[in-house]
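Chain by chain, the residues run as shown.
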2 protein chains.
Amino acid sequence: MTDLSAAAAFLMDNDNFTILLHTSPDGDAVGSGYALCHVLQQLSKHVRVICSDPIPSRYAYFTDKVPMQQFDDECVIAVDLADVLLLGTLREQYGERVQLCIDHHASNTGYAERNFINPMAAANCENVYNLIKQLGVPIDSITADALFTGISTDTGCFRYSNCTADTHRIAAHLIELGAAAGEINRIMFETKSRGRIEVERMALESIEYHFGNRCALMTVTNEMRQMIDSIELDGLAALPRQIEGVQIGVTLKEMNSDQYKVSVRTHAPINASAICARLGGGGHARAAGCQLHMSAEEAKQRLLGAVADEMEQSGCKG
Amino acid sequence: MTDLSAAAAFLMDNDNFTILLHTSPDGDAVGSGYALCHVLQQLSKHVRVICSDPIPSRYAYFTDKVPMQQFDDECVIAVDLADVLLLGTLREQYGERVQLCIDHHASNTGYAERNFINPMAAANCENVYNLIKQLGVPIDSITADALFTGISTDTGCFRYSNCTADTHRIAAHLIELGAAAGEINRIMFETKSRGRIEVERMALESIEYHFGNRCALMTVTNEMRQMIDSIELDGLAALPRQIEGVQIGVTLKEMNSDQYKVSVRTHAPINASAICARLGGGGHARAAGCQLHMSAEEAKQRLLGAVADEMEQSGCKG
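Please read all numbers here as calculations on a predicted model, not as lab measurements.

Colleague: Explanation requested: the pairing of strand β2 (residues 47-50) of chain A in the structure shown.
Modeller: All names here are of chain A. Taken together, the four bridges between strand β1 (residues 17-20) and β2 define a ladder with parallel strand orientation. Following the sheet pairing, Thr 18 is matched in β2 by Arg 48. Tracing the backbone out of β1, into helix α2 (residues 27-42) and back to the parallel element β2 gives a crossover that is right-handed.

Colleague: Explanation requested: the environment of Glu 310 of chain B in the structure shown.
Modeller: Within the element layout of this structure, Glu 310 of chain B appears in helix α14 (residues 296-313). Each residue touching Glu 310 of chain B, except ones within four places of it in the same chain, is listed here: Asn 271, Ala 274, Ile 275 and Arg 278 of chain B.

Colleague: Would you explain the sheet that holds strand β11 (residues 287-292) of chain A in this entry?
Modeller: Neighbouring strands of a sheet are bound in pairs by backbone hydrogen bonds; such pairs are parallel or else antiparallel. Residues and elements named next belong to chain A. Taking strand neighbours across the sheet as the criterion, the six strands line up as β6-β7-β8-β9-β11-β10 in an open arrangement whose pairing is mixed. Looking at strand neighbours, the two that pair on one side only are β6 (208-210) and β10 (282-283), the edges of this open sheet. Summarising the sheet, strand β9 (residues 259-266) and β11 pair through six bridges and their orientation is antiparallel. Each residue of the ladder has a partner; that of Val 264, found in β11, is Ala 288. Those strands touched by helix α14 (residues 296-313) are β6, β7 (215-220), β8 (248-256), β9 and β11, and its axis lies near 155 degrees from that of β8.

Colleague: What is the right way to read the nonpolar core from this model?
Modeller: Buried together is how nonpolar side chains tend to be arranged in soluble globular proteins. Leu 11 and Leu 174 of chain A together with Leu 11 and Leu 174 of chain B are the most contacted members of the largest nonpolar core, which has 114 residues in total. If we ignore the near neighbours within four places in the chain, the residues touching Leu 11 of chain B are Phe 17, Leu 36, Leu 40, Lys 45, Ile 77, Leu 100, Leu 131 and Leu 135 of chain B.

Colleague: Can you help me understand the interface of chain B and chain A in this one?
Modeller: Between chain B and chain A, the contact holds 35 residues from the first and 36 residues from the second. Taking both partners together, chain B and chain A bury about 3,700 Å²; carbon and sulfur atoms supply 55% of that area. One can count two salt bridges joining chain B with chain A. We note a salt bridge from Glu 176 of chain A to Arg 169 of chain B, for which the minimum N-O separation is 2.8 Å. The interface formed by chain B and chain A contains 13 residue pairs in polar contact (both at pLDDT 80 or more). Looking at the side of chain B that touches chain A, the elements that each hand over two or more residues are α7 (165-176), α8 (181-190), α9 (194-205) and α12 (239-242) of chain B. Residues that form the side of chain B that touches chain A fall into these classes: twelve nonpolar, eleven polar and twelve charged.

Criteria and cut-off values
Residues numbered from 1 in each chain as written. Chains lettered and ligands numbered in written order. Predicted model: local features only at pLDDT ≥ 70, side-chain atom pairs only at ≥ 80, totals over all residues. Heavy atoms only, no water. Pairing = 2+ DSSP bridges. Helix = DSSP H or I, 4+ residues; strand = E, 2+ residues; numbered from the N terminus. Right-handed = clockwise from strand over helix to strand, strands pointing away. Contact = heavy atoms within 4.5 Å. Axes fitted to C-alpha atoms, helices over the stretch in contact; angles between N-to-C directions. Core = buried A, V, L, I, M, F, W, Y, C linked by side-chain atoms within 4.5 Å. Buried < 20%, exposed > 50% of the residue type's maximum accessible area, 1.4 Å probe, protein only. Buried area = accessible area lost by both parts, 1.4 Å probe. Salt bridge = Lys/Arg side-chain N within 4 Å of Asp/Glu carboxyl O. Polar contact = N/O pair within 3.5 Å; in protein donor to acceptor, adjacent residues only side chain to side chain. Nonpolar A, V, L, I, M, F, W, Y, C, P; charged D, E, K, R; others polar.

What follows is the structure, encoded as structure tokens:
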């Protein structure tokens, strides 16, 4: 385990950084990567961010302001990346040569040479904020926008139980440093396409209740999936857990024929990560995921079985 | 205009406080009133909170912990109350003898003997927090829960553009002092009844688009209104403005036959308060309301007229 000052020293001592993001990069991954990239460039380092998937255009308000640089003999960093499996197509090239990892997932596999893993941070952007303070680089409005985006998106806009006093204090500081908080939150949370509203209605109709209404299972079909973009789709997974009395919200997203991406959200004390681990997945205590290659009916049965086992084991069944 | 230290001195010098809340009290009104009540009781004052409507039970986690006291010769305070019209049935008794008002509405009519109005505060609970600091009373977990509730609810859980660095910094401090932030946000924002989900679907179906999809008008019928409680109903008003491209979201809520309560939410630069003022109402720049006594069809026409006039005047039309 590396501490922040050692991580900062490693960054000061090296150059030509390639920063890796996980597949389907979210606000916290993109915010972490671009904030660190921008700050290292201010230290006259050469830096680029790469990802096996495209960077969503909704983050253009900060990604457009950070140029990607080209170089050989790279020094490899990963941010917000719990497992090399999440490198996607970049895994073969980079999986075994990550020199520094900055992450907040408790499930991080420790794949890097130097691992700074702080699961107390609601967003990995909190870790990057603290790292930037160690580096002594002033935070400008570009860095502030990137970090605020990660913090806001990974906490459901300061809503979830992972959000701490530190999270709010960092947000306050970033707003003072120029983060366009209201505008960022509007883009990330307040805007739904008309397609999203239609899909939301269809998804709500698909909900089945199990275990005395304590588990709600929602299905998103391939057809629904194609009506909206992937980020809006990801937001749907929050819906089942929002229903009164529901402790476990499960979203089954059809990817291809007989291929499902599953998202599990829970309320305490049910452990979402433990449910998904029973099916080969993982994540956080209240939000986790896995993939299932089987029919919808089989996938539902496997999932409900894992939920039942976890409820039993945690003494919450009955 | 009274300043905070004069307001604090007034509270120190008097006793037997009746704290008035507005009709349909929301989290900020209840949080402001009960936090101030609890703190004044800690100063051995006699205090009660009263309101023409019942205090919703969802705030029981702090309201249950603050006893209401009885006394004669009262000293009258109003919190989060912009206009004596909002006293409802208490107006006749108290409308002309409010001695101190603590509020954050720019539209406050200045009806009290002493008015502390700070529209920079996203929630009136920010003003009450600063007033409590002036009083020098330590904030315990009951006060922290009450104040956090007001701040969180009036900012849409730190989402809206009214939320400032100060808002986040106060939230951080309240969490450190024991506010159960995650649990409060879950109750206020993460929980929807199954009835609410059904009504939401019906309300979304009712949406009409006007002015090139820049205005979305949603109707909530009496029948829909009776399926859920009033707090859940209030939350619906946020939906129309969330639709991509919509700058003005209008919700028409049927109260009785030919009686409509209207809620207007806008994005900058459209002024919601100015739209509602054209129809005898008022509120904040991005969230305002009015009441219309006419048929649904007439109400829609009047509203769309006011929206058109305001768009024209602000140079946003066409």
